[in-house]
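Descriptive analysis of the structure
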Amino acid sequence: MNLYELKVHEAHDLIKQKKISCEEILLGVLDRIEEVEGIVQGFVTVTRDYALKKARETDKKIALGRKVGPLTGIPFALKDNMCSKDILTTCSSKILEGFKPPYNATVFERLEEQGAVLVGKTNMDEFAMGSSTENSGLFATKNPWDPSRVPGGSSGGSAAVVASDQVPFALGSDTGGSIRQPASYCGVVGMKPTYGRVSRYGLVAFASSLDQIGPLTKDVKDCALVMNAICGSDLKDSTSAPVDVPDFCSFIGKEVKGIRMGIAEEYFSLGIDDAVRNVIGKAIDNLENLGMGKVELSLPHTSYALPAYYLVSPAEASSNLSRYDGIRYGFRHEDSNNLLETYQKTRSRGFGAEVKRRIMLGTYALSSGYYDAYYLKAQKVRTLIKNDFDEAFKNCDVIVTPTAPTVSFKAGENTQDPLQMYLNDVFTIPVSMSGLPAVSIPCGFINGLPVGLQIIGKPFDEGTILQVADAFEQSRSFLNMKPNFGSFVRGGV
Amino acid sequence: MSKYEVVIGLEVHLELGTKTKIFCSCPTTFGDEPNTQVCPVCLGLPGVLPVLNKRALEFAVLTGLALNCEINSYSKFDRKNYFYPDLPKAYQISQFDFPVGKNGYLKIQSNGETRKIGINRVHLEEDAGKLIHSNDGLFSLVDYNRTGVPLVEIVSEPDLRSAEEARVFLEDLKKILLYTGVSDCKMEEGSLRCDANISVRLKGEAELGTKTELKNMNSFKAVQKGLEFEVERQIERLENGHRIVQETLRWDETKGETVTMRSKEEAHDYRYFPDPDLVPMEIGVMMVEKVKKELPELPLEKKERFVSQYCLSDYDAQVLTGTREMAVFFEECVKLFSEPKIVSNWVMGELSMHMNAAGLDFCTIKVTPEDLVEMLEMLKQGKISGKMAKDVLAEMFNSGKKAHQVVKEKGMEQISDQGVLEEIIQEVIKTNPGPVADYKAKKKKALGFLVGQVMKSTGGSANPQMVNEILRDKLKNV
């Protein structure tokens, strides 16, 4: 087995037993990046020197008796919308060209405290707006299972680098499904924790009331390990919840007998691909065979989630993104005659089409005279959607749905039709609008492309979600399939 | 009498005197080197989040309570979106529909009449930075030290009826705010800033006239002069058949006139919405009760109490309650020396005179209430004369010495020894037969002369009252 194929917990065991060093693991990973990154193109920045320095420091500390934590010496990647001190943070946008934050995101700080080793920052849809990573202002990332297809988005870079074994784990951010949908398309585990579970400090904001950071990993146990490291309230984020964090690993390996799964009819009708429906159906049977109860239920406001989301999130985005004026950091259009022109040219050249579209949508939705009809109405719809879930969770412990209506689509297929693109998130958005936790795990394949199963939980009940996800994963070990790079890596595409 | 009625409402911005900024832990001191008191949060760098300074909220509640407001138990922050070079996030965190305080009032005294001016709202927000423009107008620099300094905005109802009344309102407001200690209220440093909405209408009309907004008046004088100018300008326009254009004006101190800043057509759409980075606030009864304990007796109540409790005149009570420190000093004295009128005279008279001359206030002078009372006791007991007392206080004020020290060092102790005085008086009578004869011939002036002689021979330290008594007594027997 190659070192780069190791999962977090496997690598941890070897480091702890002193069978390998952190540097060896890192070098394996760096070689792998060299090998496949030319095709996958998941990284915006590879922090090779920084990582080597960190890995060697960590080895020295271990030699001097430092306790080896679950993430000590484990290489990882951050989506490029999380601030890393003195390391480029671009949000895959031209407007943040050259921006090196003078501070770290809390999640990054927490991982570094554990001794995890940052190897790079991953590509994304610009400012996390998109479902294919084709909206990156820099370049498009490829799906490791089929480079002619998209890895999903907006955390497409993070999902792709984990799926292609370039890092054992990565962090992504999820606003309307941006961790779960790419996890589904790339065949990895991706969790969006409860809103408030993970500090957003240092996460460059897209839509503040929805954004949440979460892990992308190779298996459920790894997901639990990373969750343990990043969760917990933060004095720097007043929206982070003062709620105790359980040991998520304690939910791994437990039986699921008696846990009730809700099946909502709405999630099997909205534009879902027949083959996907089929695979999800088998996964649900699988869970029943493990002893889980099945509850049919309805989430009647599901179809309103998407339109409401496309009012709330652009509204917040229009405000969050207004600070990029070209004056203090990032890109500035130099050829301007006055301040207003500097602002205008900087923003019109610095932002990509999707970002501009959403800024305009959001500005309109918040403008006086339209606020009540759009933003306020959308917030009311949001409450209705949340109430649906509250009601549903009176009768079940988790809700199981497809993560996305289709498998990964061809690059360029949806780029000319934003509305079609938005439909990819139709199953993930209601969860985000309700602030609930959910995971996407691989549950099967269609023509060699992975399908994701979404498991939604009650607020702060990530434990039960992981318990169910892990039991499912254990029962379907064939899912340990890897994308086959042999055909194009060595052949040179 | 004019046929017009003036309608003025004020918006006052107050920088709170917290040690740190409203959403981060940067210091708020005034006048430091530009951009030295900044961090990623108050610079609004990508990814940062605000965290509310609890003390700022308490100060806003305190301000609300002092202005008789209802305190909203549910309050939240909103974003006010606008693009401006000194506003690093391109929005200001402010409060829109749930301010900390609402529906209050402030009683002001204008022309001997007490008027109740409505307070529409008291809300919390963050200050912006400061632009420094180059002399040639080619570039501007931004100082972000002020971004994130906590502000309280106080909005009055349009209840003010003259420029004079607006100034009085502002002065009384400042006095109250200083009492509460929420701000140093220094207009010259921008910690108290005032904008005014102003319109005129024919008397008896119910509808408001078109208003103009007068911005950035940085002294009480400017407020009164600016508003007076604007009232006259509006009336003149109406008289000449013109209409008032709704616009924002600036008071130009040197020209003595109002200048257009922007017209209504350029008015902003602030696109307010709840700030998703800050959770809504529950201002609990516990907190309000806690803050209430910080609320001092306010100037007007204190003044009324001084009149009834200490039998002072309205004027004296008004002066003594001019600042919280002066009132406290006075009351400390009265606790030790139960003659309020005498204390009042000395505090308002001699002591204030020295303070004004030296540019000091009650926080910075060396004379304590105990010191002043010691001096007053010596005066009362006749150990020093009224004239000497003034000199003693002057010395106490300058050197910080105690009254008895000053008296001893300068040998100012009054001679009140019967025997000593009798001896001196006998001598004066012996050496001044002429005036003694005059006195006997009922020439009143002669007594004064003889007293003067006694004082002269004692270097002014004889107890004048005793001198008078003994002299009359001795003269009877001559």
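This text goes with the structure placed above it.
Residues numbered from 1 in each chain as written. Chains lettered and ligands numbered in written order. Predicted model: local features only at pLDDT ≥ 70, side-chain atom pairs only at ≥ 80, totals over all residues. Heavy atoms only, no water.

Focus on the side chain of glutamate 462 of chain A
Residue and element names in this part refer to chain A. For glutamate 462, the position within the fold is in helix H15 (residues 462-475). A distance of 3.1 Å separates a polar atom in the side chain of glutamate 462 from a polar atom in the side chain of arginine 197. Residues contacting glutamate 462, with those up to four places away along its chain left out, are Met191, Pro193, Thr194, Arg197, Met227, Phe248 and Pro437. (Helix = DSSP H or I, 4+ residues; strand = E, 2+ residues; numbered from the N terminus. Polar contact = N/O pair within 3.5 Å; in protein donor to acceptor, adjacent residues only side chain to side chain. Contact = heavy atoms within 4.5 Å.)

Observations concerning the nonpolar core
Soluble globular proteins tend to bury their nonpolar side chains together. Formed by 156 residues in total, the largest nonpolar core has its most connected members in Phe127, Leu171 and Phe389 of chain A. Ile8, Val152, Tyr310 and Met378 of chain B belong to the second-largest nonpolar core, a separate cluster that totals 104 residues. (Core = buried A, V, L, I, M, F, W, Y, C linked by side-chain atoms within 4.5 Å. Buried < 20%, exposed > 50% of the residue type's maximum accessible area, 1.4 Å probe, protein only.)

So, the packing of helix H12 (residues 418-431) of chain B against helix H14 (residues 445-457) of chain B
Residue and element names in this part refer to chain B. One can describe the packing of H12 onto H14 by two numbers: an axis separation of 10 Å at closest approach and a directional angle of 125°. As judged from the angle between their axes, H12 and H14 are oblique. Here the hand of the crossing between H12 and H14 comes out right-handed. Mapping the contact onto sequence places Ile424, Ile425 and Val428 in H12 and Leu450, Gln453, Val454 and Ser457 in H14. The residue inventory of the contact of H12 with H14, partitioned by class, reads five nonpolar, two polar and no charged. (Axes fitted to C-alpha atoms, helices over the stretch in contact; angles between N-to-C directions. Parallel < 35°, antiparallel > 145°, perpendicular 65-115°, else oblique. Left-handed = near helix turned anticlockwise from the far one by under 90°. Nonpolar A, V, L, I, M, F, W, Y, C, P; charged D, E, K, R; others polar.)

A look at the sheet that holds strand S8 (residues 293-297) of chain A
All names here are of chain A. What the eleven strands build is an open sheet, ordered S1-S3-S2-S4-S6-S5-S10-S11-S9-S7-S8; its pairing is mixed. Because the sheet does not close on itself, it has two edges, and the strands there are strand S1 (43-46) and S8. Each neighbouring strand pair of the sheet contributes to a mean axis angle of 30°, computed without reference to strand direction. Where strand S2 (residues 75-79) and strand S3 (residues 117-122) come together, five bridges link them in parallel fashion. Note on S3: the bridge partner recorded for proline 75 is valine 117. (Pairing = 2+ DSSP bridges.)

Brief notes about the interface of chain A and chain B
At the junction of the two partners, chain A supplies 38 residues and chain B supplies 30 residues. Buried surface at the junction of chain A and chain B, both sides included, amounts to about 2,600 Å², of which 59% is carbon and sulfur. When residues of chain A are sorted by the area they lose upon contact with chain B, Ser238, Arg323 and Arg328 of chain A head the list and together hold 22% of the total. Connecting chain A to chain B are one salt bridge. (Buried area = accessible area lost by both parts, 1.4 Å probe. Salt bridge = Lys/Arg side-chain N within 4 Å of Asp/Glu carboxyl O.)

Some remarks on the pattern of salt bridges
Under the defined criterion, the tally for this structure stands at 58 salt bridges over all chains. Residues arginine 357 of chain A and glutamate 354 of chain A are paired through a salt bridge, measuring 2.6 Å at the closest nitrogen-oxygen approach. Of this pair, arginine 357 of chain A and glutamate 354 of chain A both sit in helix H11 (residues 353-366), separated by three residues, roughly a single helical turn. Here arginine 357 of chain A falls in the partly exposed class, since its relative accessible area comes to 32%. Put simply, arginine 193 of chain B and aspartate 127 of chain B hold a salt bridge, and the shortest N to O gap is 2.9 Å. Pair noted here: arginine 193 of chain B is in strand S11 (residues 192-202) and aspartate 127 of chain B is in the loop between strand S7 (113-126) and strand S8 (130-133), with a separation of 66 residues, a long-range link.

Digging into the packing of helix H9 (residues 302-320) of chain A against helix H12 (residues 372-392) of chain A
Residues and elements named next belong to chain A. Between H9 and H12, the least distance of the axes is 8 Å, while the angle of their chain directions is 135°. It follows from the interaxial angle that H9 and H12 lie oblique. Here the hand of the crossing between H9 and H12 comes out left-handed. Where H9 abuts H12, its residues Thr302, Tyr304, Ala305, Ala308, Leu311, Val312, Ala315 and Glu316 lie against Tyr374, Tyr375, Ala378, Gln379, Val381, Arg382, Ile385 and Asp388. Taken together, the residues of the contact of H9 with H12 break down into eleven nonpolar, two polar and three charged.

Concerning the pairing of S2 of chain A
Residue and element names in this part refer to chain A. Counting buried positions over the five residues of S2 gives five, a clear majority of the element. Burial along S2 is two-sided: the face carrying Pro75, Ala77 and Lys79 and the face carrying Phe76 and Leu78 are both buried. With respect to chirality, the unit in which S2 leads through helix H4 (residues 106-113) into the neighbouring parallel S3 is right-handed. Bridging between S2 and strand S4 (residues 169-174) involves three bridges; their strand directions are parallel. Looking at the pairing, phenylalanine 76 lines up with phenylalanine 169 of S4. (Right-handed = clockwise from strand over helix to strand, strands pointing away.)

Structural measurements only, silent on function.
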